[in-house]
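Residue-level listing of the chains:
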Amino acid sequence: MTNNENSVEPKGGIEINFKRVLARALQFWYFIIISLAIALTIAYLINRYSARIYPVKASILIKENEENAGAKFLYNNELLNPYRNFFNEIYIMRSYPLLQEVMEGLGFDITFYREGDIKTTEYYDPNFPVKFHILNEGKKPYGKSLLFTVNDSKQFTLQYFSEDQESKGKEFPALSFNDTLRINGFRLYVEEIGSVSEIIGKTFIVQFTDPLSLAKSYAARLKIDWAEPGASVVDLNIQGSSPMKEVKFLNRFIERYQFYDIEKKNKVATMAIRFLDEQLLVIGDSLKLYEDQVENFKKRNIITDLDEETNRLYLKLQEFENQKFQYKLLENYYSYIERLLKSEQYDGIFTPSSVGITDEVVATLVSQLIEVQIQVNVFKGVERRGAEKFKDAPVYQSKLREIQQLKNDILKTIDNSRKTQQINVAFIDDQIGIVEERLSKLPKTERELVAIQRNYSLKETLYIFLLQKRTEAGLSKASTTSDIVMVNPPMAGAAISPKVTQNYSIALVVGLAIPIIGFVFLELINNRIQSKEDIEKITRVPVIGGVGHNISKDPLIVYRKPRSAISESFRALRSNLNYFTGNQGRQVFMITSSIPGEGKSFTTLNIATVFALAGKRTVVVGADLRKPKLYDDLNLHNSLGLSQYLSGLASYEEVLQQSEIENLYLIAGGPMPPNPSELLIRPAMEKLINHLKEQFDYVIMDTPPLSYVTDAFVLSTFADHTLFVIRQNYTPRAALQSLEEFYATGKLSNISILFNDLRKSGLGYGYGGYGYGYGYGYNYGYGYGIKKNKSGEGYYEV
């Protein structure tokens, strides 16, 4: 076999032998059972003691203006702002002021809890017979907790928790229901609203929470989304541990949102009614004055009717006066709006169309101003309830700048409209002057009657017009309904947390994964040779055989237990060596390894014993001059040995010793010399080997490990074949990589690997396919079957 044949390609990355991982999992199955038990126990505790979370859902419809047509005077009238920005509705619904009012209205700022052995859970009962009231005087108990115990039907006990909420503070026994209490600076009123017989002796934890904090919490938990793109149906979703509580929250939330919608509509109508009342008051006084003038004229004069020409002039004059009044009404509206804008009283502003004034430019700007002011009021509402200041918030500042811009645009538009209005009024005054000049030519009595009727008719028409608008505004306010309609009432679903099945599934996976990952990790960090497959992945050096684990610890097991499985493995090794060397006689074998402890000396003694027991004269040369030990296992001495022979201090006959085993001889290493490597390269070593080949059938050289010294490379030149011994779960992979390098570069040739100390067998372990008690097997066609004797050792049956 040449060194270029069957080349081994180096493999990069991490390799995992899953067969060995499976074998380790089967071996340590109890770790998997323990891991599963722990994981499932944790899953059980989570499922048992986690708070059940329930979803509560509802949906509402936000009507569009076309859906509001019920009465023309109401829903098609200008008092209702036709503009609704649907994109702002979700923001408004999640605003803190709106939610805070819901919290306060439901009394969620006071929560009851029951303390259990392991956890404390919220106790929500809408019919709880006791109600706590926080009185406005003094500081608020927000963030505090009290222990509440009902003693009997008339008295109860409170105990204050300390600041750390862990230790208990002062106790207040024998307190009476329906009485005011002062505890630590804040005042409470405890009201008995039902029978307390069922809670006598039970202890509750009463926790006080700032409504604004609750509003923030609910704003984060409340999910609001449009049901479909382009639809006006909104889905409301919230999750909580008390479905009854969350249902009540959504019901109150929808009610409050409906009230907010009505309140916003009525605000415009209220401002319009106030303006119309002011105008009616002034015109009503004038109308009464002109009524008296008409009555006095009739008493003083017989003529009460006008002739045809006079009546024509009168009607024309009346038309001009009506046009002038419209401009006067518009001027009054401009003055009213201008006064509010300059004093920054934006909440009192209403659109001109609300009072019958048609000015599209101003109406559009005012509508935008009202919409932005509503958004600003949301921020101000948060501040009024004690929230953080929004003066520096970018959104808030942006809205204020937008209001200021709209204010400037409205004032500028009013100024421009006034200039146009002055031109129109001047024209009307000119026309009135022309008519009055023609009337001046009439008789005095007719002129007086025209003047009285002119003033009276003008005020009467204007009064009726304003009164009609006042009636429409009143009807709008009284008949306003919310555009918010509940589609699906709040309904609770089944618990969504904890997810029992999912938790057990995760526990099962984790319980299995942790030990498996541990086994994979052990496989990754194990850099030692475990199987023949590992050897073949690293080096092209052929594997000649395998030897099982020597449980007897006897170094001469072949001699003392010739029917043992290990003895048979060495016999198989002998046959395989003959196969490698072509059954030629007079062979020299070198036994070496990478590091100490791999069984090199054990292999040397037993392979030599196998040859000797076969009737072959065999000599073992202890060429490991640094650490000689073979003599001790053979009960021989080390006083004279190879080191003296190579130094010329002893003869061949003096260093050659015969062991108790027939046909087996030993040349011990002898006392350790100062220069072992130099001795081995002397010509005397070659002369000795040649002489031994003449005297013996087999020469077995025991050499030092390759990783420490170069002695083995020197001696390999004398060997016909080299056995490189590796030990299962002991020899590092790097040693085989070095061996492959030596083999590839030709430093070592005619070499094979002996897999020693096979303890593990099965998936991913051992040698070949013939497993037995020691995990030994080989695959060179010698067909031994394995049995076990009573002592538990394997033996071969030929």
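Values in this document were obtained by computation on a predicted structure and should not be read as measured data.

Undergrad: So what about the pattern of salt bridges? Which residues, and what values?
TA: As enumerated under the stated definition, the model contains 24 salt bridges in all. Of the charged contacts in the structure, one is a salt bridge between Glu533 and Lys537, with a shortest N-O distance of 3.8 Å. In this pair, Glu533 and Lys537 both sit in helix α13 (residues 532-538), four residues apart, roughly one turn of the helix. Ionic pairing is found between Arg540 and Glu740, a salt bridge with its closest N-O pair at 2.7 Å. Of this pair, Arg540 sits in the loop between α13 and β14 (543-548) while Glu740 sits in helix α23 (residues 733-745), placing them 200 residues apart in sequence. In this structure Glu740 comes out as buried when scored by relative accessible area, which is 11%. Connected via shared salt-bridge partners are Arg20, Arg24, Glu523, Asp534 and Arg733.

Undergrad: Account for the sheet that holds strand β13 (residues 484-492), with residues named and values stated.
TA: In space, the four strands of this open sheet follow the order β11-β12-β1-β13, with antiparallel pairing throughout. Only two strands of the sheet have a single neighbouring strand rather than two, namely β11 (223-226) and β13. In this sheet, neighbouring strand axes are inclined to one another by 15 degrees on average, regardless of whether the strands run parallel or antiparallel. Pairing of β11 with strand β12 (residues 233-240) involves four bridges; the strand directions are antiparallel. Bridge pairing in β12 places Trp226 opposite Val234. In the packing of helix α6 (residues 211-221) onto the sheet, the strands contacted are β11 and β12, and the crossing angle to β12 comes to about 115 degrees.

Undergrad: Go over the packing of aromatic side chains with me, naming the residues and quoting the values.
TA: Considering all chains together, one arrives at 28 aromatic pairs under this definition. Measuring from ring centre to ring centre gives 6.4 Å for Phe28 and Phe519, while their planes differ by 35 degrees; the resulting arrangement is tilted. A residue pair is termed long-range when its members are at least 10 positions apart, and Phe28 in the loop between α1 (18-27) and α2 (29-49) and Phe519 in helix α12 (residues 500-525) qualify at 491 residues. Owing to a relative accessible area of 6%, Phe519 belongs among the buried residues under this scheme. In this arrangement the basic side chain of Arg114 is found over the ring face of Phe204, its NZ or CZ atom lying 5.0 Å from the centre.

Undergrad: Could you give an account of the confidence of the model for the protein chain, naming the residues involved and the relevant values?
TA: Averaged over all residues, the pLDDT of the protein chain equals 80, while 80% of them reach at least 70. In the model of the protein chain, strand β23 (residues 794-797) stands out as the element of lowest mean pLDDT, 33, in contrast to strand β18 (residues 664-667), which has the highest, 96. Across residues 384-388 the pLDDT falls below 50, and counting only partners more than four positions away or on other chains, this stretch makes 10 contacts in the model. Below pLDDT 50 for its whole length, residues 769-798 participates in 75 contacts with residues either more than four positions away or in separate chains.

Undergrad: For the nonpolar core, give the residues involved together with the corresponding values.
TA: In terms of nonpolar packing, the biggest core is built from 60 residues, with Met93, Leu236, Phe249, Phe253 and Tyr257 touching the most fellow members. The leading source of residues in this core is helix α7 (residues 243-300), at 10 residues. Within the second largest apolar cluster, 45 residues are counted, among which are Ile689, Met701, Phe713 and Ala719.

Undergrad: Tell me about the sheet that holds strand β21 (residues 751-758), residues and numbers included.
TA: The strand order β14-β21-β20-β15-β19-β16-β18-β17 describes an open sheet built from eight strands, whose pairing is mixed. Lying at the two open borders of the sheet, with one neighbouring strand each, are β14 and β17 (656-658). Taken over all neighbouring pairs, the strand axes of this sheet differ in orientation by 25 degrees on average, direction set aside. As paired strands, β14 and β21 are joined by four bridges and run parallel to one another. Note on β21: the bridge partner recorded for Val543 is Ile753. The sheet strands contacting helix α16 (residues 600-613) are β14, β15 (587-593), β16 (618-622), β18, β19 (698-702), β20 (721-727) and β21, and the helix crosses β19 at an angle near 170 degrees. The sheet contacts of α23 involve β20 and β21, and relative to β21 the element is tilted by about 165 degrees.

Undergrad: Give a description of the environment of Leu715 that names residues and reports values.
TA: Within the secondary structure, Leu715 sits in helix α22 (residues 711-715). For Leu715, a relative accessible area of 0% corresponds to the buried category. Between the C-alpha atoms of Leu715 and Glu686, which are 29 residues apart in sequence, the distance is 9.0 Å. In this view, Leu715 contacts Met590, Ala623, Leu680, Met685, Met701 and Thr703; residues no more than four positions away in its chain are not counted.

Undergrad: Can you break down the packing of α2 against α12 residue by residue, with the values?
TA: At a closest axis distance of 8 Å, the pairing of α2 and α12 adopts a crossing angle of 150 degrees. As the angle between them shows, α2 and α12 are arranged roughly antiparallel. Between α2 and α12 lies a crossing whose hand is right-handed. Within the contact between the two elements, α2 uses Ile32, Ser35, Leu36, Ala39, Leu40, Ala43, Tyr44, Ile46 and Asn47 and α12 uses Val500, Asn503, Tyr504, Ala507, Leu508, Val510, Gly511, Leu512, Ile514, Pro515, Ile516 and Phe519. Per-class residue counts for the contact of α2 with α12 are 17 nonpolar, four polar and no charged.

Undergrad: Which residues make up α16, and what are the values?
TA: In this model α16 runs 20 Å from its N-terminal to its C-terminal C-alpha over 14 residues, within 8% of the 20 Å that 1.5 Å per residue would give. Of all 14 residues in α16, 13 are buried, a share of seventy percent or more. Positive phi shows up at Gly615, right after α16, with a value of about 90 degrees.

Undergrad: Explain the environment of Met491 to me, and be specific about the residues and the numbers.
TA: The residue Met491 is located in strand β13 in this model. Once the C-alpha coordinates of Met491 and Met244 are considered, the two residues, 247 residues apart in sequence, prove to be 9.2 Å apart. Filtering out sequence-adjacent residues up to four positions away, Met491 remains in contact with Pro55, Val56 and Lys57.

Undergrad: Quick rundown of helix α15 (residues 565-581)? Include the residues and the values.
TA: With 17 residues, α15 ought to run about 24 Å at 1.5 Å a step, and its terminal C-alpha atoms sit 24 Å apart, in line with that. Where burial is concerned, most of α15 is hidden: 13 out of the 17 residues are buried. The first or second residue beyond α15 is Gly582, which carries a positive phi of 75 degrees.

Basis of the calculations
- Residues numbered from 1 in each chain as written.
- Predicted model: local features only at pLDDT ≥ 70, side-chain atom pairs only at ≥ 80, totals over all residues.
- Heavy atoms only, no water.
- Salt bridge = Lys/Arg side-chain N within 4 Å of Asp/Glu carboxyl O.
- Helix = DSSP H or I, 4+ residues; strand = E, 2+ residues; numbered from the N terminus.
- Buried < 20%, exposed > 50% of the residue type's maximum accessible area, 1.4 Å probe, protein only.
- Pairing = 2+ DSSP bridges.
- Axes fitted to C-alpha atoms, helices over the stretch in contact; angles between N-to-C directions.
- Contact = heavy atoms within 4.5 Å.
- Phe/Tyr/Trp six-rings, centres within 6.5 Å; stacked < 30°, edge-to-face > 60°.
- Lys NZ or Arg CZ within 6 Å of the ring centre and 35° of its normal.
- pLDDT = per-residue confidence, 0-100.
- Core = buried A, V, L, I, M, F, W, Y, C linked by side-chain atoms within 4.5 Å.
- Parallel < 35°, antiparallel > 145°, perpendicular 65-115°, else oblique.
- Left-handed = near helix turned anticlockwise from the far one by under 90°.
- Nonpolar A, V, L, I, M, F, W, Y, C, P; charged D, E, K, R; others polar.
- Expected span 1.5 Å × (residues − 1).

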